[in-house]
Amino acid sequence: MRNYNFMSPILLVVVALIVRGLVTNLGVLFGLTQEVASNIAMIAMIIAALIMFNRMTKARRKK
């Protein structure tokens, strides 16, 4: 537990939530209903979290 980085999971969650909120707002702004915008935002949130996780683990593997 000594070498565990607490910032990585927090950063991952924060980025996912920011992406979800941004995509939901943009969807509603472009005329989508709240439910459709929320579904698209959920997919975008998962994709953003996977990309972020992949980049963090790639940097750790190179060390």
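The rules behind these values
Residues numbered from 1 in each chain as written. Predicted model: local features only at pLDDT ≥ 70, side-chain atom pairs only at ≥ 80, totals over all residues. Heavy atoms only, no water. Helix = DSSP H or I, 4+ residues; strand = E, 2+ residues; numbered from the N terminus. Rg over C-alpha atoms; globule rule 2.2 N^0.38 Å. Buried < 20%, exposed > 50% of the residue type's maximum accessible area, 1.4 Å probe, protein only. Areas by Shrake-Rupley, 256 points an atom, 1.4 Å probe, with all protein chains shown as cover. Expected span 1.5 Å × (residues − 1). Contact = heavy atoms within 4.5 Å.

Some remarks on the overall build of the protein
- Counting its regular elements, the protein contains two helices and zero strands.
- Its C-alpha atoms give the protein a radius of gyration of 15 Å, more than 25% over the compact-globule value 11 Å for 63 residues.
- When the backbone C-alpha atoms are referred to their principal axes, the protein occupies close to 50 × 20 × 15 Å.
- A burial count over the protein gives 16% of its 63 residues as buried.
- Only carbon and sulfur atoms are counted for the fraction: they give 69% of the accessible area of the protein, which is about 5,300 Å².

Brief notes about helix α1 (residues 7-29)
- Along its 23 residues, α1 runs 33 Å from first to last C-alpha, staying within 8% of the 33 Å computed at 1.5 Å per residue.
- Taken from the residues just after α1, G31 is the one with a positive phi, measuring 100°.

Concerning the environment of A16
- Of note, A16 is situated in helix α1.
- Every residue in contact with A16, bar those within four places of it in the chain, is listed here: M45 and A49.

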